[in-house]
Amino acid sequence: MEDAAVQNNSPDITLVTPDAPIAVRTHGGRAKCLQRLVRLDLPVPTTVALSFDTVHRLAGGEAPDVSLLMQPFADDLLLCIRPSSEDPDWGGPGAILNIGINDARHADLVKSIGKVAADEIYLRFIQAYSEHVARLDPDMFDDIDMSSPKAVADALETYEDEAEEPFPQDVSKQLLGVLRSMARAWEGTSARLLRMAKGAPADAGLGLVVQAMALGLGKGESGSGVLQLVDGQSGLPVVKGRYLSQSQGRDALEAGAKSLFLTKDERGPSLQDKLPASFDALLEHANLMRRRLREEMQMEFTIENGDVHILDGVRIQRSARAAVRIAVALAEEGIISHEEALMRVEPRALNELLHRQVDPAAKRDVIGSGVAASPGAASGKVVFTEAAAQASAARGEACILVRRETSPEDVRGMHAAAAVLTERGGVTSHAAVIARGLGLPCVVGANNLRFQSKTKQLTSGDGRVFKEGDILTIDGTNGEVLSGEPAMLEATLDESFQNLMIWADDVRDIDVRANADTPADAQTAHNFKAQGIGLCRTEHMFFDEDRLTVMREMIFADDPEDRRTAVERLLPIQRADFVDLFRIMADKPVCIRLFDPPLHEFLPGNRAGMRDLAEALSLPLSHVERRIEALSEYNPMLGMRGVRLGITIPEIYEMQARAIFEATLDASKDGHSVVPEIMIPLVSAKREVELVKTRIDAVAAAVRTERGADFDFRLGVMVETPRAALRAEDIAPHCDFFSFGTNDLTQMTYGLSRDDAGRFMSAYVQQGVYPEDPFHTLDAEGVGELLQLGAERGRKAQPNLTLSVCGEHGGSPESIAFCRKVGIDYVSCSPFRVPVARLAAAQFTIKDKIG
């Protein structure tokens, strides 16, 4: 009794009892779960847990006290050893069963359970020991007929020939050999790198659990199986699992048709039919585990001569849709709180619910990969131009738009396509940003594929050629390009999802708006319960064919009056767009960014397009070519764009301001309370704001006089240049709000092109130059410091200044944590990322409350 007491209180070799000193951080999750099962008084075989420290010392060659370890077990019991890491997703060495079997014990088992069962037990251990402990080639047993009465003798002889020593008969030697081999397997370089890729720290520890075997083999009804109470893919309640007579471990999952269903099933025999009492006991145990462990568990069990033994309980593997349903169901039943349910769902995993996905069970013929720029999956015929994409959509055919890189001219083609693939670009490239806004699956930077635009071909690394019309699938969730059309899982926005989002909104303390450029985008944002529009990029409204022609007329106008005449033709179209946005958002704030891109983006880039433009404008081709050349810039993203364009060609901003104010009054007639927010892009000096503000105020006064009605509006700037952040104290007095455009702010801070960074970014991250891609996760140390300085200096001059982040970082959970820390009022992201941001914001609020 004294030895048992010593072992029970030992932190290194610990008998699993209700009050033993076992914790996940010292002994791993499996050991702790088994202790919880013991506390529930479930029929768990005798178990001893080895701590992380003990296993680490084992790997270094220091042997534990084997006699102390074996003390709780009867002399004739066989043992099994399983790994116990902090997180089961980190993996670990496989379980080894039947330790302790030797010639003498085999002879005893032949008498008690029969030769066939005894042989199977001995053979399983000989093979496992040979491969994992003695490190012999497992193929050495291929010539042995394992069903032969001589199989054990042949296996022992083969082992002795290969190992040049007899198979160990001493139980202590067997046990120590298995323990040491599992410890060293965990600390090997390959295993360490593999688990680090899954998020484990480099020094993650491993515990081991040594458990008495419930054989699952014998003359009475014996076997093994697994049971769970929900489906891991759907999350719907169902008794699921398999049972296999005369088996051990997880054999039932690999036995196919030989195994039994658990519940009565017309497809074949079941455990419920064969052993109703045992089935009822298992069901009772599983429900008790669910209630008391507050989790959906997969229970591993053995039946020995009709008696049930619970060997293990593990958190079931689940898809994102199942994770949501499980968490919500547990909360609705009062097993966990709403806040705990929120913490159990990974925010980014919601992408699986919001978009179609490739079925995990489907065969994947991967032909290339790139940056996973926009989640979801879609199949369609390959097309290489935006015109072909529109033609395909007109025929009702799904298509994949393939481009080297996209430009604003391709937006109509992207609207028509089912998915987008580009050779160049990163997570904030044009294709990525537009695709996320549209909810299109998108892979960018797929430079391991050869793009041949002239011949309209795509060549994979293995030499396969895909032509226009061939079927491809874009998996934007995993960044893969697949040949063919695999099975898909549809998006699932069911009641569980809606409830989870309601609970998130009840908790979070930062607002979430959406970036929406069209009425369709605004409707999606509204459906996802965005609290307004944080960024409406008005330039995207000008790329429809009828509007594009007018824009080009304005660009080719020779004097201000002609420009004004041209843009006035856009006024009613732009006003109608804004009225739709205001009505859809129904009293929620709408922040409209004035025209931003350089004018050359609205002009054709090839000679055929120039010829069409010359014909449309009734101009000589040479005149069109000279004008386009005159507008070209060495670095257009740092040239004549944003506020610079608004100051030098004021007719554009004046027209947009008028359209916003007239739309405000028109939408207000329906009873909506509309207070538009007007945002000036690419500001770097206070004088820019003063000049634009003066013109906007003049337009507002004119509209008030013409309409005989009053209205309010808010004016702010998009802080996307480092100088704007540094001089925020000068700029803020002229503003109602600052919106940090972290896409361009990151570009200018790093001196990186977001469209080209994908070519080297993975190498930079792998070699530790950057901890993460700064276009994907906000750089808190560099860009974040500018953001914090801008926020502090802006509010120093204007205490009521509203602050927001409207770059793609607004939907990144890590970035939201930083935004909360520096006092940002709201984040704005692509409509389909709004639920992700809502959940992430709620989780950070909960973490702060917990401390």
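Look above for the structure.
Keep in mind it's a predicted model, so treat the numbers as computed, not measured.

Basis of the calculations
Residues numbered from 1 in each chain as written. Predicted model: local features only at pLDDT ≥ 70, side-chain atom pairs only at ≥ 80, totals over all residues. Heavy atoms only, no water. Helix = DSSP H or I, 4+ residues; strand = E, 2+ residues; numbered from the N terminus. Buried < 20%, exposed > 50% of the residue type's maximum accessible area, 1.4 Å probe, protein only. Contact = heavy atoms within 4.5 Å. Areas by Shrake-Rupley, 256 points an atom, 1.4 Å probe, with all protein chains shown as cover. Lys, Arg positive; Asp, Glu negative; His and termini not counted. Charge placed at Lys NZ, Arg CZ, Asp CG, Glu CD. Pairing = 2+ DSSP bridges. Axes fitted to C-alpha atoms, helices over the stretch in contact; angles between N-to-C directions. Left-handed = near helix turned anticlockwise from the far one by under 90°. Nonpolar A, V, L, I, M, F, W, Y, C, P; charged D, E, K, R; others polar. Phe/Tyr/Trp six-rings, centres within 6.5 Å; stacked < 30°, edge-to-face > 60°. Lys NZ or Arg CZ within 6 Å of the ring centre and 35° of its normal. Disulfide = S-S within 2.5 Å. Polar contact = N/O pair within 3.5 Å; in protein donor to acceptor, adjacent residues only side chain to side chain. Arc of directions from axis to C-beta. Salt bridge = Lys/Arg side-chain N within 4 Å of Asp/Glu carboxyl O. Parallel < 35°, antiparallel > 145°, perpendicular 65-115°, else oblique.

Peer 1: Which residues make up the overall build of the protein chain, and what values do they have?
Peer 2: Secondary structure assignment for the protein chain yields 35 helices and 31 strands. When its C-alpha atoms are laid out on the principal axes, the protein chain stretches across 105 × 60 × 55 Å. Relative to its full complement of 851 residues, the protein chain shows a buried share of 55%. Partitioning the intrachain contacts of the protein chain with sequence separation of at least 6 by distance along the chain shows that 67% fall at a separation of at least 24. Per element, the accessible surface of the protein chain, about 35,400 Å² overall, is 48% carbon and sulfur. The average position of the 93 basic charges and that of the 126 acidic charges among the side chains of the protein chain differ by 4 Å.

Peer 1: Tell me about the pairing of strand S2 (residues 47-50), and name the residues and values.
Peer 2: Taking every second residue as pointing to the same face, both faces of S2 are buried, with Thr47 and Ala49 on one and Val48 and Leu50 on the other. Two strands pair when backbone bridges link them, and strand S1 (residues 13-15) and S2 are joined in this way by 3 bridges, in the antiparallel orientation. Bridging from a neighbouring strand, leucine 15 pairs with valine 48 of S2. Pairing analysis gives 4 bridges linking S2 to strand S5 (residues 206-212), with the strands arranged antiparallel.

Peer 1: An account of the packing of helix H6 (residues 103-113) against helix H7 (residues 115-132) is requested, with residue identities and associated values reported.
Peer 2: Where H6 contacts H7, the axes come no closer than 7 Å and their chain directions differ by 150°. Relative to H7, the crossing made by H6 is right-handed. Between H6 and H7, the residues in contact are Asp103, His106, Leu109, Val110 and Ile113 and Lys115, Ala117, Ala118, Asp119, Ile121 and Tyr122, respectively. Looking at the contact of H6 with H7 residue by residue, the class counts come to 7 nonpolar, 1 polar and 3 charged.

Peer 1: Which residues make up the packing of aromatic side chains, and what values do they have?
Peer 2: The description of an aromatic ring pair uses the distance of the two centres, along with the angle that the planes make with each other. Using the criterion set out here, one finds 15 aromatic pairs in the structure. Aromatic side chains phenylalanine 738 and phenylalanine 740 sit 6.4 Å apart centroid to centroid with 90° between the ring planes, which places their arrangement in the edge-to-face category. Judged by its relative accessible area of 0%, phenylalanine 738 is buried. Residue class for phenylalanine 740 comes out buried when judged on its relative accessible area of 0%. Grouped by ring-pair contacts, the aromatic residues Tyr122, Phe125, Tyr129, Tyr159 and Phe167 constitute a single cluster. The ring of tryptophan 186 has arginine 195 sitting right over it, with the charged end atom 3.8 Å from the ring centre.

Peer 1: Tell me what's going on with the state of the cysteines, and back it up with residues and numbers.
Peer 2: Note on terminology: disulfide describes a covalent bond linking the sulfur atoms of two cysteines. Under the definition given, this model contains 0 disulfides. Between cysteine 806, a free cysteine, and cysteine 591, which holds the nearest cysteine sulfur, the sulfur-to-sulfur gap is 7.2 Å. The exposure class of cysteine 806 is buried, given its relative accessible area of 2%. In this model cysteine 829 remains outside any disulfide bridge; the closest cysteine sulfur is found in cysteine 819, 11 Å from its own.

Peer 1: Tell me about the side chain of aspartate 517, and please be specific about residues and values.
Peer 2: Along the polypeptide, aspartate 517 turns up in the loop between strand S24 (511-515) and helix H20 (519-527). Polar side-chain contacts of aspartate 517 include one of 2.9 Å to the backbone nitrogen of arginine 537. With residues near it in sequence (within four places) discarded, aspartate 517 still touches Leu535, Cys536, Arg537, His540 and Met541.

Peer 1: Describe the sheet that holds strand S25 (residues 533-537), naming the residues involved and giving the relevant values.
Peer 2: On the basis of which strands lie adjacent, the closed barrel formed by 8 strands has the order S24-S25-S26-S27-S28-S29-S30-S31 and parallel pairing. Across the sheet, the mean angle separating the axes of adjacent strands is 25° when strand polarity is ignored.

Peer 1: Any chance you could break down helix H24 (residues 607-617) for me, citing the residues and the numbers?
Peer 2: If you check which residues of H24 are buried, you get Gly609, Met610, Leu613, Ala614 and Leu617. Take H24 and look down its axis: the buried residues cluster within an arc of 140°, on one side only. Of the residues in H24, the exposed ones pointing more than 90 degrees away from the buried face are Asp612, Glu615 and Ala616. Serine 618 sits one or two residues past H24 and shows a positive phi near 55°.

Peer 1: Provide a residue-level description of the pattern of salt bridges, including the pertinent values.
Peer 2: One side chain can pair with another of opposite charge once the charged atoms of both are near each other. Within the structure shown, the criterion is met by 57 salt bridges. We note a salt bridge from arginine 57 to aspartate 12, for which the minimum N-O separation is 3.6 Å. Of this pair, arginine 57 sits in helix H4 (residues 52-59) while aspartate 12 sits in the loop between helix H1 (2-9) and S1, and the two are 45 residues apart along the sequence. In this structure, the salt-bridge partner of glutamate 339 is lysine 849, at a minimum N-O distance of 2.7 Å. Of this pair, glutamate 339 sits in helix H14 (residues 338-343) while lysine 849 sits in helix H35 (residues 834-850), placing them 510 residues apart in sequence. When salt bridges with common partners are traced through the structure, they connect Arg294, Glu295, Arg315, Arg318, Glu340 and Arg344 into a single cluster.

Peer 1: Describe the pairing of strand S21 (residues 471-475), listing the residues and the values that go with them.
Peer 2: Counting buried positions along S21 yields 4 of 5 residues, so the element is predominantly enclosed. Bridge analysis of strand S14 (residues 377-383) against S21 gives 5 bridges, and the strand direction is antiparallel. Following the sheet pairing, alanine 378 is matched in S21 by isoleucine 474. Both S21 and strand S22 (residues 480-483) contribute to a ladder of 4 bridges, which runs antiparallel. The residue bridging isoleucine 474 from the neighbouring strand is valine 481, located in S22.

Peer 1: Give a detailed account of the packing of H7 against helix H8 (residues 151-163), specifying residues and quantitative values.
Peer 2: Interhelical geometry of H7 versus H8 gives an angle of 15° and a closest axis separation of 10 Å. In terms of axis orientation, H7 runs roughly parallel to H8. When you trace H7 past H8, the crossing you get is left-handed. In this structure, H7 contributes Asp119, Tyr122, Leu123, Ile126, Tyr129 and Ser130 to the contact, and H8 contributes Ala151, Val152, Ala155, Leu156 and Tyr159. Tallied by class, the residues present in the contact of H7 with H8 amount to 9 nonpolar, 1 polar and 1 charged.

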